[in-house]
Amino acid sequence: MENKYIASLLAADPQAAPRGGTDKLFAAPAGSFSYRGYLDQTVRLIEDIQLLQRPLWQKFVRVFTELPKPDTADYGWRGEYWGKMMRGAAITYRYTQNPLLLRTMTETVREMIAAAEPSGRISSYAYENELRGWDMWARKYVMLGLQYFYEICPDEALKKEVIACIKGEADVILAAVGEGEGKKPITETSNAWHGQNSSSVLEPMVRLYHLTGEQKYLDFAAHIVRCGGNTVENIFEKALENKTSPHNFEVVKAYETMSCFEGLMEYYRATGEEKWRTAAIHMANRIRTEEVSLIGCCGCWHELFDGKERQLDTEYAGIVQETCVTVTYMKFCLQLLCLTGESVWADEIERSAYNALLGAVNYDGNKQNGGLPFDSYSPLIMGLRNRATGGKKTLSDGSFYGCCACIGAAGTGLIPHASALLREDGVAINLYIQGKMTLKTPAGKPLEIAVSTDYPADGAVFVDVCTTDEAPFTLALRIPAWSAATALSVNGEAVPVTPGTYAELCRVWQPGDRVTLTLDMRTRVLRPEGNLPNENSPHHVALCRGPLVLARDARLPGDLRVPVNFETDAEGYAIVEVSDAPDFRHFFAFRAKQKDGTWVELLDYASAGRTWDSRSIFSAWMPTKDYYNVDIRKPFALSFGVYTPKTFDTKPYNGTSTGLFVNGEGVVCLPAPAGLVVTPHPQPDGSMLLETEGGFLAVNAADELTVAAKGTPLTPEWAGLDRYFLRLADGRYLRGANKTEPTPIRAWESFGQSYDIFRLKNL
């Protein structure tokens, strides 16, 4: 490699070294970036409220040391928490260089090394229950967490201990899993998702091969690839064939699938087998074009690939757009950006970061999810945040944690990590963030790049280059695909650009050289396309300004229930201006003109819905037709809000809507389209008695919903569209059940969860 800077970095990192022969872009060393503004503040917030919390790390280590092993009873995934968070901590440390964070990480790594059993095994499962459920998945994260720590660890003696610990875990796996007498194939080490979760151990196994050079780890990786990802189809060969959409695979769990393909890219780097590079790129392009929603996530039914058209499903009321999927997609895109050098993957990282990821950060310390640093699910059509805690598991001290809370730091830490990457002939700037980059030229000379901008508040970006290198090198600036009218100049001299590519500026740079970039921040109007899920799906519109998705919010002036009808200019852009309407914390506020001359107040998606309750119902896809309003003073049909799928093991499309029925004197959920017809009787306090089938809905001493002569007052709370919570006077909520057999409606001390939502339709 001719770039001395990159060559020296790869030589110092055995996990990254193979990329010298396969990749186009390369990570800058730790400490290269110093940024300001709310992206920087977000990284440091997560560092402070999560990654520096020693008691939390200790709690996660105890998952592996306490008896009985906590994941044994329910075949859970508590064992993933430590490694997930360690990976995020290491990525974050590369940016912040906080010595307190390094000390915290070092202490918990030593505790994790001490947690290994004499055999080398680190597992949250008892021996008699191991290699089932999520055991392999959790071990994957232990190894990954240690591998990421190794990258930033300055203590050579500790690094040797880390390698020995990872090898101990891996060797125990190799003794029991693989090909040969008495061994299990990798796909049979889990009874979830046909073993696809276990197959994602491919990534740390290849990375371990890079670290050690020991062929046995690459041989085991080859076994995983031969097994094909799961027991029902070969996902790698299917991606290579490139004839099937991800949502038409047999196993459609988005997070786990992308994790397997992250491993496949590492396998390609180790083996040079070109077909696996091709397969990963095929899969990524299909995910990007066929699965990703407008906020940069996947999964509009549960956490599954289901086609991006499903983001316009007006019937399903369950959880959507999981934070684990968002972060994994961002990581996946960073791998592809490095592998291919194509700017489209930076576009995707930016979209996910500014919308889905920042929208999940618990900036306000809201306690509704236990105060976890990240929320888990995000609505797209008129709904609420904090619908559930993803991957929630109770720990031995009675507290709980979740998968999305643990993975989020890898997403926030990735933002500065992806902002600029090294290339053979210079530097590629991918994200425009106020601050400074301290790098080197291809010849190894000092290079400082300062970025001055308020982006994405506006599109003006100024890049000042300072170096004494007398050799030419390239400064490549990402021109987003959405920026149709972009202006670029160097020291005032215009340079032509093409949207969706890098503008490559190759010259001998002088101190004081300034690049001026002006991106097209006109507001784009998105309308539904494709094979839409139901008759109301076409009646929506979305607005995007630069990388930001704009959203309505019930806290803003105007009635969220009134459909929109935006005016557009001659080129089809919405007429939008900055607004000062919000009187609450937010990043950006705008207002858009309607055809009748009125204005609709809007926020950036990440700022919307921040109360996590009915006060801030919000909508990214905004209805253009009223198909949802309910007059709760008139008789209506009441049904449970969530489809009941027959299975989530593979495809989810065979579900059915769930009705409510009187079974004896009780009220039950049953998969069927019908609703329970009720007549409301408003009470002075705003609650209602709901009359049905000769009686009133009432909650009995067993907390079950019944029909009785004397009803229980219930207060409907709007949850968006035709969806409501039904609250009791004592603060509890009615909850249905997402099951195929008749299941009682009960009163629970919860709010906002999928199972709390009911649907109302006037007769």
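Every chain begins its residue count from 1, and numbering advances along the sequence as written. Reporting in this predicted model follows two pLDDT cut-offs: at least 70 for local features of residues, and 80 or more for side-chain atom pairs to be given and counted; totals over whole chains, interfaces and linings ignore these cut-offs and use all residues. Side-chain figures throughout are based on the complete set of non-hydrogen atoms in the structure, without hydrogens or water.

(A) Broad picture of the pairing of strand β25 (residues 666-671). Relative to β25, strand β24 (residues 658-663) runs antiparallel, the two being bridged by six bridges. Of the residues in β25, the one forming a bridge with Thr658 is Pro671. The rule for pairing is simple: two strands pair if DSSP sees at least two bridges between them. The helix and strand labels rest on DSSP assignments: H or I over at least four residues marks a helix, E over at least two residues marks a strand, and numbering proceeds from the N terminus. Taking the residues that link successive antiparallel strands as the turn, the β24-β25 hairpin has two residues, and the phi of Gly664 there is positive, at about 70°. Bridge analysis of β25 against strand β33 (residues 743-744) gives two bridges, and the strand direction is antiparallel. Looking at the pairing, Cys669 lines up with Thr743 of β33.

(B) How the structure looks around helix α1 (residues 4-11). When a residue's accessible area, from a 1.4 Å probe over protein chains only, is under 20% of the maximum for its type it is buried; when over 50% it is exposed; and in between it is partly exposed. Turning to α1, its buried residues number three or more, namely Tyr5, Ile6 and Leu10. Looking down the long axis of α1, one finds its buried residues gathered within 125° of arc, a one-sided arrangement. Seen from the open side of α1, the exposed residues pointing more than 90 degrees away from its buried face are Lys4 and Ala11. For the purposes of these results, a polar contact is taken to be a pair of N or O atoms within 3.5 Å, where, inside protein, one atom must be able to donate a hydrogen and its partner to accept one; residues adjacent in sequence count only when each atom of the pair is a side-chain atom. Two or three places before Tyr5, at the start of α1, stands the capping residue Asn3, its side-chain oxygen 3.0 Å from that residue's backbone nitrogen. Think of the arc as the fan of directions from the helix axis to the C-beta atoms.

(C) Structural view of the nonpolar core. What makes a nonpolar core is a set of buried Ala, Val, Leu, Ile, Met, Phe, Trp, Tyr and Cys residues whose side-chain atoms join them at distances within 4.5 Å. Counting residues in hydrophobic clusters, the biggest one holds 252 residues, and the most contacted among them are Trp82, Phe149, Val463, Leu475 and Leu734. Of the residues forming this core, the biggest block, 12 residues, is contributed by helix α14 (residues 323-340). Among residues more than four places away in sequence, those in contact with Leu475 are Val427, Ile429, Ile449, Val463, Val465, Ala503, Glu504, Leu505, Trp509 and Val515. Any two residues whose heavy atoms approach within 4.5 Å at even a single point are treated as in contact.

(D) Broad picture of the pattern of salt bridges. Salt bridges are counted wherever a side-chain nitrogen of Lys or Arg sits within 4 Å of a carboxyl oxygen of Asp or Glu. Scanning the entire structure with this criterion turns up 59 salt bridges. Between Arg19 and Asp23 there is a salt bridge, with its nearest N and O atoms 3.8 Å apart. Residue classification places Arg19 among the buried residues on the basis of a relative accessible area of 17%. Three or more residues are tied together by salt bridges with common partners; here these are Lys69, Glu117, Arg121, Glu130, Asp135, Arg139 and Glu169.

(E) Seen up close, the pairing of strand β29 (residues 705-708). Bridge count between strand β28 (residues 695-699) and β29: four bridges; the pairing is antiparallel. Residue pairing across strands places Val699 opposite Leu705, the latter belonging to β29.

(F) Fine view of the sheet that holds strand β7 (residues 435-440). Strand order in the open sheet made by the seven strands is β2-β7-β8-β9-β14-β11-β12, with antiparallel pairing throughout. Of all the strands in the sheet, the pair left with one neighbour each is β2 (33-35) and β12 (493-494). Relative to strand β14 (residues 513-518), strand β9 (residues 460-467) runs antiparallel, the two sharing six bridges. Paired with Val465 across the strands is Asp513, a residue of β14.

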